[in-house]
Amino acid sequence: MTVMNVLNQASQALVEGDKARAIALCQQYIDENTNDAKKSSLGLRILSDIYFGSGKIETAIHLLEAAQAKLIHSADQGELLVVQNSLAQRYADDIRFEDAMNTWLAMAAEAANMGDIDHFIEGLIGIAQLLEVVSDHQRALQFYNKARDHYEGIQSSQLKLRINLCEVSCLIALTLYEDARQLLADCETQALLDGEFADAYMAELFVYHSQICRAMGQIDGAINLLEKARVSSERHKLKWISNKISLELGLCYSLIARADDAILLLKQTLTDIADLSLPMLRSELYEALSHAYDANGEYLQALACEEQAHAIAIELLSKVPVSELGLHCLRRFKRWEPKLDFEKTRLENAALKNQALSQQEVVSKLEKDVYIDPLTRLYNRRWLDVTFSTRKGPYAILVADADHFKSVNDEFSHQVGDVVLQELAFILQQSVRSGDFVARYGGEEFVILLVETQADKVVRTADRIRNQVEQHHWQDIMPGRQMTISIGMAIKTEQEAVDSVFERADKALYQSKHNGRNRVTFGKKKED
Ligand SMILES: Nc1nc2c(ncn2[C@@H]2O[C@H](COP(=O)(O)OP(=O)(O)OP(=O)(O)O)[C@@H](O)[C@H]2O)c(=O)[nH]1
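The numbers attached to residues start from 1 for each chain and follow its sequence in the written order. The predicted nature of this model means local features are confined to residues of pLDDT at least 70 and side-chain atom pairs, given and counted, to a pLDDT of 80 or more, with totals for whole chains, interfaces and linings taken over all residues. With hydrogens and water excluded, all non-hydrogen atoms of the structure serve as input to the side-chain values.

**Student:** Give me the lowdown on the pairing of strand S2 (residues 437-442), citing residues and values where you can.
**Tutor:** When DSSP finds two or more bridges between a pair of strands, those strands are recorded as paired. Secondary structure follows DSSP: runs of H or I at least 4 residues long count as helices, runs of E at least 2 residues long count as strands, and numbering of each begins at the N terminus. Two strands pair when backbone bridges link them, and S2 and strand S3 (residues 445-450) are joined in this way by 5 bridges, in the antiparallel orientation. Residue Arg-440 lies in a different strand from S3, and its bridge partner there is Phe-446. Counting the residues between successive antiparallel strands, the hairpin from S2 to S3 contains 2 residues, one of them, Gly-443, with a positive phi of roughly 45 degrees.

**Student:** Go over the packing of helix H15 (residues 279-295) against helix H16 (residues 299-319) with me, naming the residues and quoting the values.
**Tutor:** Between N-to-C directions, angles cover 0 to 180 degrees, with each direction set by a line fitted to C-alpha atoms, over the stretch in contact for helices. With their axes 8 Å apart at the nearest point, H15 and H16 run at an angle of 160 degrees to one another. The orientation of H15 relative to H16 falls into the category roughly antiparallel. In terms of crossing hand, the pair formed by H15 and H16 is left-handed. Taking contact as the criterion, the partners of Pro-279, Met-280, Arg-282, Ser-283, Tyr-286, Glu-287, Leu-289, Ser-290, Tyr-293 and Asp-294 in H15 are, on H16, Tyr-299, Gln-301, Ala-302, Cys-305, Glu-306, Gln-308, Ala-309, Ile-312 and Leu-316. Residues are grouped as follows: nonpolar covers Ala, Val, Leu, Ile, Met, Phe, Trp, Tyr, Cys and Pro; charged covers Asp, Glu, Lys and Arg; every other residue, Gly included, is treated as polar. Grouping the amino acids of the contact of H15 with H16 by side-chain chemistry returns 11 nonpolar, 4 polar and 4 charged. Note on angle classes: values under 35 degrees are labelled roughly parallel, values over 145 roughly antiparallel, values of 65 to 115 roughly perpendicular, and the remainder oblique. Each crossing gets its handedness from the near helix: less than a right angle anticlockwise from the far helix is left-handed, clockwise is right-handed. When checking whether two residues touch, look at their non-hydrogen atoms; a contact exists if any pair is within 4.5 Å.

**Student:** Could you give me a rundown of the sheet that holds strand S1 (residues 395-402), with the residues and numbers involved?
**Tutor:** Read from one edge of the open sheet, 5 strands run S2-S3-S1-S4-S5, paired in mixed fashion. At either end of the open sheet lies a strand with only one pairing partner, and these are S2 and strand S5 (520-522). Taken pair by pair, the neighbouring strands of this sheet meet at an average axis angle of 20 degrees, ignoring direction. Packing against the sheet, helix H21 (residues 414-431) makes contact with S1, S2, S3 and strand S4 (485-492), and its axis sits at approximately 10 degrees to S3. Sitting on the sheet, helix H22 (residues 455-471) is in contact with S1, S3, S4 and S5, with an inclination near 160 degrees to S4.

**Student:** I'd like a rundown of the environment of Ala-508, residues and numbers included.
**Tutor:** By secondary structure assignment, the location of Ala-508 is in helix H23 (residues 498-514). Under the relative-accessibility criterion, Ala-508 is labelled buried at 4%. Placed 16 residues apart in sequence, Ala-508 and Lys-524 show a C-alpha to C-alpha distance of 8.6 Å. Type-normalised accessible area, obtained with a 1.4 Å probe on protein chains alone, sets the label of each residue: buried when under 20%, exposed when over 50%, and partly exposed for intermediate values.

**Student:** Please set out the side chain of Asp-199 residue by residue, giving values where relevant.
**Tutor:** Mapped onto the secondary structure, Asp-199 falls in helix H11 (residues 198-215). Owing to a relative accessible area of 11%, Asp-199 belongs among the buried residues under this scheme. Beyond its immediate sequence surroundings of up to four residues, Asp-199 is in contact with Ser-232, Arg-235, His-236 and Gln-430.

**Student:** Lay out the nonpolar core with the relevant residues and their values.
**Tutor:** To form a nonpolar core, buried Ala, Val, Leu, Ile, Met, Phe, Trp, Tyr and Cys residues must be joined to one another through side-chain atoms within 4.5 Å. By size, the foremost hydrophobic cluster in this structure holds 114 residues, and its most contacted members are Ile-121 and Phe-333. Look past the residues within four positions of Ile-121 in its chain and what remains in contact with it is Ala-147, His-150, Ile-154, Leu-159 and Ile-163. Leu-450, Ala-462, Ile-465 and Met-489 belong to the second-largest nonpolar core, a separate cluster that totals 31 residues.

**Student:** So, the pattern of salt bridges: which residues are in play, and what are the values?
**Tutor:** Oppositely charged side chains can pair when the atoms bearing their charge come close. Salt bridges are identified by distance alone: a Lys or Arg side-chain nitrogen within 4 Å of an Asp or Glu carboxyl oxygen. All chains considered together, the criterion is met by 29 salt bridges. With a closest N to O distance of 3.2 Å, Glu-315 and Lys-319 form a salt bridge. In this pair, Glu-315 and Lys-319 both sit in helix H16, 4 residues apart, roughly one turn of the helix. For Lys-319, a relative accessible area of 36% puts it in the partly exposed group. The partner of Asp-456 in a salt bridge is Arg-460, and the shortest N-O contact between them spans 3.7 Å. Highlighted residues: Asp-456 and Arg-460, both in helix H22, separated by 4 residues, approximately one helical turn. Each member of the salt-bridge network shares a partner with another, and the members are Asp-49, Arg-90 and Asp-93.

**Student:** Can you lay out the confidence of the model for the chain for me, pointing to particular residues and giving the numbers?
**Tutor:** When pLDDT is averaged along the chain, the result is 87, and 91% of the positions lie at 70 or above. For every residue, the predictor reports its confidence as pLDDT, a number between 0 and 100. Mean pLDDT per element in the chain: helix H18 (residues 355-370) is the minimum at 56, and S5 is the maximum at 97. Across the assembled chains, the prediction reports ipTM 0.94 with pTM 0.59.

**Student:** Before we move on, can you summarise the environment of Tyr-208 with the specific residues and values?
**Tutor:** Looking at the element boundaries, Tyr-208 is found in helix H11. The class for Tyr-208 is buried, based on a relative accessible area of 10%. Distance in space between the C-alpha atoms of Tyr-208 and Ile-172 is 7.9 Å, their sequence separation being 36 residues. Excluding its chain neighbours within four sequence positions, the residues that come into contact with Tyr-208 are Leu-165, Val-168, Ser-169, Ile-172 and Leu-184. Only 2.9 Å separates the side chain of Tyr-208 from the side chain of Glu-204, close enough to count as a polar contact. We call two N or O atoms a polar contact when they sit within 3.5 Å, provided that within protein one can donate a hydrogen and the other can accept it, with sequence-adjacent residues counted only if both atoms are side-chain atoms.

**Student:** Explain the site of the ligand residue by residue, including any values.
**Tutor:** Taken together, 16 residues lie near the ligand, and His-404, Phe-405, Asp-418, Arg-440 and Arg-517 sit nearest. Interatomic distance of 2.7 Å between a side-chain N/O atom of Asp-418 and a nitrogen atom of the ligand. At 2.9 Å from an oxygen atom of the ligand is found a side-chain nitrogen or oxygen belonging to Lys-513. Note on areas: Shrake-Rupley with a 1.4 Å probe; residue coverage comes only from the protein chains shown. Calculation on the ligand without its partners gives an accessible area of 670 Å², and the protein chains cover 67% of this total. Breaking the shell around the ligand down by element, the ones donating at least two residues are S1, helix H20 (405-411) and H21. Looking at which element gives the most residues to the shell around the ligand, the answer is H21, with 4 residues. A per-class count over the shell around the ligand returns 3 nonpolar, 5 polar and 8 charged. For this purpose, a residue is taken to be near a molecule or strand whenever a single non-hydrogen atom of the residue falls within 4 Å of it.

**Student:** Which residues make up H21, and what values go with them?
**Tutor:** Here H21 is 18 residues long and its end C-alpha atoms lie 26 Å apart, about the 26 Å a rise of 1.5 Å per residue gives. Looking only at H21, the buried set comprises Val-416, Gly-417, Val-420, Leu-421, Glu-423, Leu-424, Ala-425, Phe-426, Ile-427, Leu-428 and Ser-431. The N-cap of H21, judged by a side-chain oxygen 3.3 Å from the amide nitrogen of Gln-415 a few residues on, is Ser-413. What a helix is expected to span follows from its residue count: subtract one and scale by 1.5 Å.

What follows is the structure in structure tokens.
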């Protein structure tokens, strides 16, 4: 059996909820490849992830340690860095902070030797995380700044986004809200460009926005943003973000005389995480619960929760090698940097030789830019005309147009109009499934292409999208004003030409406008 075969089967078994079979398949793969360090390490890494997903952190760590041992004398140092990074993260999850620090340091030193900027940065972020455990945000920021020195050399766009997100969180902890807000704007662009996890990243961004709003006393705005975060996080079902949302909601409720709701929610979240090792979150939840009891005048309970939070914080503090972290660590990273630069120059020289190839890449990037609308980052009309029109098979076309958009520009400003268009683009993008497409056709008109072709389901989807726009909290952007869209839709059969389907959808849109706007109309074929 080939690697992919076994791993595909294991992941298929996981999807089907059959963990035992997934584990057996990985184990079989490891046994079959004991003499191949890279292959068996890969098997061990995947097996470790499966155990970690089931809450078996110690087993997960043992497996990664075994993978590290296999690789340490092998030629595959690149794979070793990947294993060490996961291992350090697992040590940190298991509150073995000293092991985590040493593993990240070993990994960063090796990464510098190899000129692997990404893993060097992972090391910096890892150490910064440990500093944040002891609330030394100022020093953590120095590590993020160091990472920023090498920002342009980072290969992975997700890692670039992660540095920014870590820094945003750190700036908020330092109450540097304006800096955090500026960085959030960059993160938003980066997040939307991530095909697979855009909504998960957006959920995290909404939480940070909400924290800033709460700090500024805009509690309704903060709660509204948390609702957005909840919607954005639904697809990936990320437990950590839903816990974070509950924590933040609890803090907000305490501030608007809804302390009873806060207490209920925070206690429920504490129960939900009872079996998990999440001391930092637990400490924050107790702290928030203490505020809620305080707001309710239940001072004894408030004190008891404060004590719980304090005890966890002290326990954590005792496990972080505080004296080793900070300046000492930072000096070590600085010492390794020249090696990294030397390797970088060597790699850049090698890259020059491949210039013909990279020029090709530049061309394809430019081609990509040609198909993206700069305001909304959605596909543009050119993409629809050139790329999409060649698509085979049936699909549904929805043409959506903002109602009375001209008056938004007139009443507020063209800049506000632009923000409304960006927000609309975001809502539309959030409302469709992967495999569907959203494009900006021009002005305030959008086109949505759905793989779904059952008429009743298409109509329901269109109406859900229309409703989401109508229910959206537009007050933050346009006080006293709502926004709605009208939609026309048509379904393309295998044989029909794209143009005639578009025409039907367009006529249906006209009908929606004519009949009063904020509605959807299905453009039936004459023979239907
Ligand atoms: N801010 C902003 N406005 C734009 C952009 N593109 C087009 N517009 C404006 O969108 C408005 C569209 O107005 P109309 O075509 O009259 O339609 P409407 O006001 O939405 O009215 P109905 O469609 O009939 O509901 C015009 O005022 C354009 O200037 C853009 O990129 N940014």
